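Here's the letter readout for the chains.
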There are 4 protein chains.
Amino acid sequence: TTQVTLVQIDNYGPWTVTPEPRREMDLQTMQSRLFADIAQFVGSRDGYAFFTRFDNMVAVTNGLDDRDHERLQATIRNRYPVTVSLGVSVAERPIDALEDATGRIQAAGSAQDHSRTEVLAGEYVDAPGDDDLSIAHFDVNDATGKYTDQLNEFDSFIRIEQGYAALMKRLREEHGALSFFVGGDNIISICPDMTEADYRATIDHVSEAADVDFKVGVGRGRSAHEAGFAAKHALEDCRYEGTTVEFAAPTAVTR
Amino acid sequence: TTQVTLVQIDNYGPWTVTPEPRREMDLQTMQSRLFADIAQFVGSRDGYAFFTRFDNMVAVTNGLDDRDHERLQATIRNRYPVTVSLGVSVAERPIDALEDATGRIQAAGSAQDHSRTEVLAGEYVDAPGDDDLSIAHFDVNDATGKYTDQLNEFDSFIRIEQGYAALMKRLREEHGALSFFVGGDNIISICPDMTEADYRATIDHVSEAADVDFKVGVGRGRSAHEAGFAAKHALEDCRYEGTTVEFAAPTAVTR
Amino acid sequence: TTQVTLVQIDNYGPWTVTPEPRREMDLQTMQSRLFADIAQFVGSRDGYAFFTRFDNMVAVTNGLDDRDHERLQATIRNRYPVTVSLGVSVAERPIDALEDATGRIQAAGSAQDHSRTEVLAGEYVDAPGDDDLSIAHFDVNDATGKYTDQLNEFDSFIRIEQGYAALMKRLREEHGALSFFVGGDNIISICPDMTEADYRATIDHVSEAADVDFKVGVGRGRSAHEAGFAAKHALEDCRYEGTTVEFAAPTAVTR
Amino acid sequence: TTQVTLVQIDNYGPWTVTPEPRREMDLQTMQSRLFADIAQFVGSRDGYAFFTRFDNMVAVTNGLDDRDHERLQATIRNRYPVTVSLGVSVAERPIDALEDATGRIQAAGSAQDHSRTEVLAGEYVDAPGDDDLSIAHFDVNDATGKYTDQLNEFDSFIRIEQGYAALMKRLREEHGALSFFVGGDNIISICPDMTEADYRATIDHVSEAADVDFKVGVGRGRSAHEAGFAAKHALEDCRYEGTTVEFAAPTAVTR
Ligand SMILES: Nc1nc2c(ncn2[C@@H]2O[C@H](COP(=O)(O)OP(=O)(O)OP(=O)(O)O)[C@@H](O)[C@H]2O)c(=O)[nH]1
Ligand SMILES: Nc1nc2c(ncn2[C@@H]2O[C@H](COP(=O)(O)OP(=O)(O)OP(=O)(O)O)[C@@H](O)[C@H]2O)c(=O)[nH]1
Ligand SMILES: Nc1nc2c(ncn2[C@@H]2O[C@H](COP(=O)(O)OP(=O)(O)OP(=O)(O)O)[C@@H](O)[C@H]2O)c(=O)[nH]1
Ligand SMILES: Nc1nc2c(ncn2[C@@H]2O[C@H](COP(=O)(O)OP(=O)(O)OP(=O)(O)O)[C@@H](O)[C@H]2O)c(=O)[nH]1
Ligand SMILES: [Ca+2]
Ligand SMILES: [Ca+2]
Ligand SMILES: [Ca+2]
Ligand SMILES: [Ca+2]
């Protein structure tokens, strides 16, 4: 059961060019700080937030209720020149949760409707369970040796990007998972129940389609942090064992 | 003539998992704030910085000298738990500048060599000219109406990502340009001299390969900001005229 | 019942001058961002944090437990070049809580003992009550008309500072309250039970000692935010009624 | 010759309570981040900025011209929910520069006039000299041993505050210097030409009036950073020599 929140900056396109185009680096600074604040707010409550397109950000918010969402909305209003709308929903398949969360915002008006501000519409997990969430942490094998220390940075980046483009598409189409690039050579996917064979097939597909080799650690938990932290430990297991897919042992991870 | 700086976090991979994996949202917060600080430092001196992979960031730094680079390095050391290495170089084709900038850091050691810290190696533009830089600002037509207000956010995002993946690859291979996603449906490319036909061919290629339709504004200038700001105005011209490619009139843009 | 947390940067003095003095504006940036992050972390959980001396910050943390404190400590470690120690305690008189909180850190070693890092020692409120906290929000009458628009900024500032110096001392000595300047002409005091006559006497004392005239709104609540928000509303009542001391009606304030 | 900039948030008082009072910790976060951004902008150009009252901040801006000031104003407009007015002036005595800078903003309207926004009025140093600025860095002797490790934090803070209140007043009245608390036990003063005897008399006065013992390092330079950095080195000399007043040798300090 995944609870997903869509964060959409209200009427942002027009704002960026009114009264005339704004300095790009100011937009970049504003966007990335806004994301950092959301990551910190959600993250310190054990959720995960992803920058996605920056004007639309996706978060996994199991454990956050409507009061928390209201507060996030208020603190942004109080500190930024823009406001945000929030759509929240719950489903087994992550994509279904996001589909519904998006629909709740769309129903209230266009992303560029200047009279639509600070929508807060959603439903929340009501009976949280210990393994509600499944998170996979993908990582490229020896990215440092094969790319970073060998190619110019843009060519390294192209490789990682093409790998990401292939992985995100495949996981979405086959499994309804949501995959996000989180920097370096790392991708975090919010997944439904998937088998080891599913992960292997995914990695093989990407290796063929984009010639990039991933390994993956998979974890479950009550919150994104719990599941994601277990996934990171499983990924460390891949490193030590030299394996490609590792599932975390089903023990609670704290902190 | 493009001056490119590669910013590489020193020994970052090992740091993220020592003594055990760090909370992902703390990494996200730290990375995006580090990028924001670099964007602000470089941007307030009329350069452009891009987040790229976050552990490796690329900046266009015409107008910044070695003293500025030293200072950037020092202010990061004083405020973050990590340090950065900087490689700087100059060339007609942006990719050649980045190739050389990357090589200067690689020559000093691996990105994961814990004894390699705070490399600063570079060469700088010595005779700046009024139209040294060419920047193209690409933007998807009616992304709001076609994607954001219609699809769930992940499916919108996949469209934009696939468009970006196709565009970045094509422009790098055909022209040695460096293209960066800057949020929403926007891509900024650091380009060599290219004709209107080149831009048109690029846009047609992406339309076929990824079924995403871009328009583009192109500007020139002495600094990234000057060129990029002219490109933004040219893009506004596309909007008003309903055209696909616009070049900025060769007038100096200030501010 | 006030729960107070002392946040102390570990071994900060030596760090500021090692290997040689650090750029002052980098220290200022680092300090004020660290404070901002603590204010946001504590504040989004309905506590209050004050910058105090920046190397030592004081927070009112009713509602935050040891897990929250652990997390605050971890997120700072993950994103800053410094770490913090936290001492937490509870008492009727705010100063007694701070005295004990301070003692818990001091017991573990000196603020400049380089081997003392990340102390976390404390006790927490165990049976929270609806009016555990009392907060007074002091504000200078017509500071804009009398100072800001009349004097040069430093002379305005001296007036406010002298008013603050007199107020903080008096409230600490007579009542064991903790008073913090929060910008502009505003002072927030964490108070024990005090009568209207107590507040009046305080304001009269400051008026005589420093020739600065304050009004005050007082609120109670289960959390610093609840009490402080009620105090702000009471202060607005002073404005509308032209009165000097107002107590908030004992109704729960939400949000 | 000191160039001083007054940064005043436009119409801030009304904003803080419209439509109803805003969460205090959001105000604190916003204010301290705004200051941090100004400190970074000014500081990376070798100026100094002080938080003062947060709604009014004072900066020493030798080396920054009107273009830099315009940019600072624009970047704040693009990233914050508030705008700022800037008044700039130059004089031998720092207080005279601030007096004139303040007057330039006051002349354009009240700090709470909602139609007065983004004033930029000033004059700038036109013939910079190598020792234009004089900065004194004051520091309490053994604050850790006498206060931080001994008293509860509020009582330590009261001592430092009373010392600061006495020092700032004395230096302003006798010399027209501007003194700012910068955290811990440190005060930085922007001074006119003063002799060793002047500094000694100041320290003696504060010792008697507030029973707090300072030492001081004094430096000169072309910029605030240069002067302040020399002052920090001179302060280190006090530490090593056990002296109370040290002047930096008149050598250029770089970086
Ligand atoms: N977001 C995120 N990024 C990480 C994490 N761990 C590593 N990275 C990124 O991944 C990059 C590469 O690090 P590694 O994966 O350790 O290096 P590698 O050379 O690929 O080595 P192996 O994966 O061990 O084969 C780093 O620079 C980081 O940007 C993590 O936990 N979260
Ligand atoms: N980085 C950056 N992003 C921008 C800029 N302008 C717009 N955006 C982004 O682009 C998104 C879509 O805005 P628009 O391009 O105006 O909207 P659209 O529906 O595609 O409309 P047209 O482009 O006019 O057809 C916004 O939400 C922003 O995220 C800009 O100057 N810089
Ligand atoms: N921290 C904080 N500062 C505030 C708040 N309200 C106002 N201020 C500060 O106080 C300054 C002066 O605002 P006011 O107190 O409204 O102005 P005034 O001229 O004194 O008017 P009156 O108080 O109504 O007599 C503002 O610039 C802010 O810096 C608040 O709620 N919190
Ligand atoms: N802003 C700023 N604060 C500093 C600087 N150096 C030290 N501090 C602050 O001063 C506090 C006390 O440090 P010290 O002055 O080294 O300690 P002390 O115990 O007083 O020792 P002595 O001054 O050597 O007698 C630190 O916690 C910092 O907050 C500096 O360069 N700038
Ligand atoms: Ca890897
Ligand atoms: Ca568009
Ligand atoms: Ca007031
Ligand atoms: Ca000291």
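The paragraphs below set out a description of the structure included in this document. In this text, all values refer to a predicted model and were calculated from it rather than measured experimentally. (Residues numbered from 1 in each chain as written. Chains lettered and ligands numbered in written order. Predicted model: local features only at pLDDT ≥ 70, side-chain atom pairs only at ≥ 80, totals over all residues. Heavy atoms only, no water.)

1. So, the site of ligand 2
And then number 1: Lining the immediate surroundings of ligand 2 are 23 residues, of which E24 and D55 of chain A together with D142, T144 and R239 of chain B lie closest.
And then number 2: Ligand 2 sits at the junction of chains A and B, each of which supplies nearby residues.
And then number 3: In this structure, D139 of chain B approaches ligand 2 through a side-chain N or O atom, which is 2.9 Å from an oxygen atom.
And then number 4: Protein contact buries 88% of the 630 Å² of open area that ligand 2 shows by itself.
And then number 5: For the shell around ligand 2, the secondary-structure elements that each account for two or more residues are α1 (12-16) and α2 (24-43) of chain A together with β6 (133-140), α5 (143-148) and α8 (224-241) of chain B.
And then number 6: A total of four residues in the shell around ligand 2 trace back to one element, the largest contributor, which is α2 of chain A.
And then number 7: Within the shell around ligand 2, the residues separate by chemical class into five nonpolar, ten polar and eight charged. (Near = heavy atom within 4 Å. Polar contact = N/O pair within 3.5 Å; in protein donor to acceptor, adjacent residues only side chain to side chain. Areas by Shrake-Rupley, 256 points an atom, 1.4 Å probe, with all protein chains shown as cover. Helix = DSSP H or I, 4+ residues; strand = E, 2+ residues; numbered from the N terminus. Nonpolar A, V, L, I, M, F, W, Y, C, P; charged D, E, K, R; others polar.)

2. Some remarks on the relation of the copies chain B and chain D
And then number 1: Take chain B, turn it by 180 degrees, move it 0.0 Å along the axis, and it overlays chain D with an RMSD of 0.0 Å. As the rotation angle and translation indicate, the two copies are arranged about a two-fold axis. For chain B, the residue whose C-alpha comes nearest the rotation axis is F41 of chain B, separated from it by 3.8 Å.
And then number 2: Interface residue correspondence from chain B to chain D reaches 100%, placing this contact among same-surface, isologous pairings. (Least-squares fit on C-alpha atoms with pLDDT ≥ 70 in both. Contact = heavy atoms within 4.5 Å.)

3. Some remarks on the site of ligand 1
And then number 1: The environment of ligand 1 is formed by 23 residues, the closest being D142, T144 and R239 of chain A together with E24 and D55 of chain B.
And then number 2: Backbone polar atom of V182 of chain A to a nitrogen atom of ligand 1: 3.2 Å apart, as the coordinates give it.
And then number 3: Contributing elements (two or more residues each) for the shell around ligand 1: β6 (133-140), α5 (143-148) and α8 (224-241) of chain A together with α1 (12-16) and α2 (24-43) of chain B.
And then number 4: Tallying contributions element by element places α2 of chain B first for the shell around ligand 1, with four residues.

4. A short note on the interface of chain A and chain B
A common way to report how large an interface is uses the accessible area buried once the components associate.
And then number 1: With 78 residues of chain A at the interface, the matching set in chain B holds 78 residues.
And then number 2: Each partner contributes to the roughly 6600 Å² buried at the junction of chain A and chain B, and carbon and sulfur atoms together form 57% of this total.
And then number 3: For the salt bridge of R33 of chain A with D37 of chain B, the shortest nitrogen-to-oxygen distance reads 3.2 Å.
And then number 4: Joining chain A to chain B, the criterion identifies 42 residue pairs in polar contact (both at pLDDT 80 or more). (Buried area = accessible area lost by both parts, 1.4 Å probe. Salt bridge = Lys/Arg side-chain N within 4 Å of Asp/Glu carboxyl O.)

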